[in-house]
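# Structural overview
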Amino acid sequence: MDDEYAKLIRRVNRPRVVIDNNACEDATIIQVDSVNKHGILLEVVQVLTDMNLTIRKAYISSDGGWFMDVFNVVDNDDNKIRDKELIDYIQRRIETSAGFVPSRRGSVGVMPSEEYTSIELAGTDRPGLFSEVCAVLADLHCNVVNAEIWTHNARAAAVVHVTDDSIGCAITDPKRLSTIKELLCNVLKGSDDLKTVKTTLSAPGVMHRERRLHQIMFAERDYERVERKGVRTVEGGSSRPQITLLNIEKDYTVITMRSKDRPKLLFDIVCTLTDMEYVVFHGMVSTGRMEAYQEFYIRHVDGLPISSEAERVRVIQCLEAAIERRASEGLELELFTEDRPGLLSDITRIFRENSLCIKRALISTKGGKAKDTFYVTDVTGNPVDPKIIDSIRRQIGQSELQVKHSSNLASKPPNQETTMGYFFGNLFKARTFQNFKLIRSYS
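Scope of this entry: the structure provided in the associated data block. (Residues numbered from 1 in each chain as written. Predicted model: local features only at pLDDT ≥ 70, side-chain atom pairs only at ≥ 80, totals over all residues. Heavy atoms only, no water.)

This part takes up unusual backbone geometry. Non-glycine residue N153 carries a positive phi angle of around 55°. Relative to the helices and strands, N153 resides in the loop between β7 (142-152) and β8 (155-164). Here the phi dihedral of E277 falls at roughly 65°; this positive angle occurs in a residue that is not glycine. With a relative accessible area of 43%, E277 lands in the partly exposed category. (Helix = DSSP H or I, 4+ residues; strand = E, 2+ residues; numbered from the N terminus. Buried < 20%, exposed > 50% of the residue type's maximum accessible area, 1.4 Å probe, protein only.)

So, about the side chain of E332. Note on placement: E332 falls in strand β13 (residues 331-338). Nearest to the buried, unbridged E332 among oppositely charged side chains is K404, at 6.1 Å. (Lys, Arg positive; Asp, Glu negative; His and termini not counted. Salt bridge = Lys/Arg side-chain N within 4 Å of Asp/Glu carboxyl O.)

So, about the pairing of β8. A large share of β8 lies buried, amounting to 10 of its 10 residues. With eight bridges connecting them, strand β6 (residues 117-124) and β8 associate as antiparallel partners. Bridge pairing links E120 to V159 in β8. Sheet analysis places β7 next to β8, joined by 10 bridges and oriented antiparallel. Bridging across to β8, E148 finds its partner in V159. Connecting β7 to the next strand, β8, in antiparallel fashion are two residues, including N153 with a positive phi near 55°. (Pairing = 2+ DSSP bridges.)

Any link to function would need more than the numbers given here.
In structure tokens:
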């Protein structure tokens with residue numbers, strides 16, 4: 001009965017979104033007011049992230065029954081959002097944002113839809129793994145139309161959308177789907193896997209791809225560090241994020257984070273806190289040219305702050321993993337060419353034969369064209385020899401495969417100087433965000 005009443009309240013009090021280009025000189029201000037519910041912060045941040053908007057600053061408040069957030073956003077060119085149609089679309093998306101699809105925890109799942117079949121993969125990372133997966137799919141006449149692959153801390157996860165390469169539609173035959181799962185599981189098991197790979201049939205429904213990758217990695221416990229002999233641990237050392245936890249007044253746990261700034265950082269953090277069933281009651285995000293500072297006042301969904309040292313360590317590990325999973329590690333290569341069955345298998349085979357290790361990849365096709373982005377290192381995690389890249393480009397095509405840029409594998413550590421509560425010293429004295437002089441009243 002209480003759940004039905006809560007649903008009624010949310011239907012009556014739809015989210016109210018105000019988008020303002022006059023309140024800030026260098027960013028568009030998006031203010032969201034709504035009845036509070038668990039997960040609403042992630043819903044809003046996901047919409048902004050999907051629109052490829054960069055969140056420069058954010059102010060979050062959801063204590064009590066009401067949710068009010070303010071976001072300073074810019075587009076990919078660091079400009080305000082001026083297009084009226086885009087502004088209206090953002091407003092509609094946030095106001096009608098749906099809830100979550102329940103979590104799925106299988107290591108290999110196959111989910112058919114009308115357009116494509118979605119395959120979820122998880123296992124121990126090793127050089128050439130993605131190439132082997134692509135070879136199996138090509139042999140089974142599966143054409144990869146979209147995919148995203150993450151690797152972190154000796155684990156690998158992927159969400160791959162495939163079609164039948166003869167008809168261009170989803171694969172629906174149960175026997176064929178079973179064969180695909182069985183052969184992919186054999187690839188993922190390998191000879192030295194850390195644990196048995198499970199095979200499950202994913203439940204019907206639609207899942208945000210990046211959100212799902214976070215869930216898969218979390219289920220794979222990629223936050224537990226695994227040392228592998230002869231492999232460079234890029235995430236380790238002084239370049240790791242600086243995260244502190246402290247319990248304070250009103251029984252909150254305060255999380256402060258300093259890390260290198262990058263796109264979608266806030267989305268990744270909020271995903272992880274939501275999956276761990278923590279609620280952000282207050283928060284502040286501020287990004288500079290290179291560094292991001294985030295501060296969140298949280299409690300568990302049961303209303304309690306973090307109470308044990310074991311849980312404190314686990315939260316820190318999980319947040320570190322969320323920040324590191326899609327950090328741009330290695331050399332960025334972009335492929336743009338005519339799509340054809342088996343293309344991805346051929347490209348990844350060439351990478352494997354030249355001892356390249358794919359750390360992250362984003363695969364997409366549209367209008368008969370393939371546009372793929374790969375982040376690669378050598379098999380030990382070190383930068384790739386430029387002579388090898390030149391050789392690969394000659395094999396694939398100089399115009400088809402472009403070198404975008406190389407990330408700094410040994411970036412400077414974030415500023416260690418952290419004053420807990422720097423931005424929130426007077427938070428509980430401020431009743432509205434007008435105290436921050438960020439927005440004007442629209443009431």
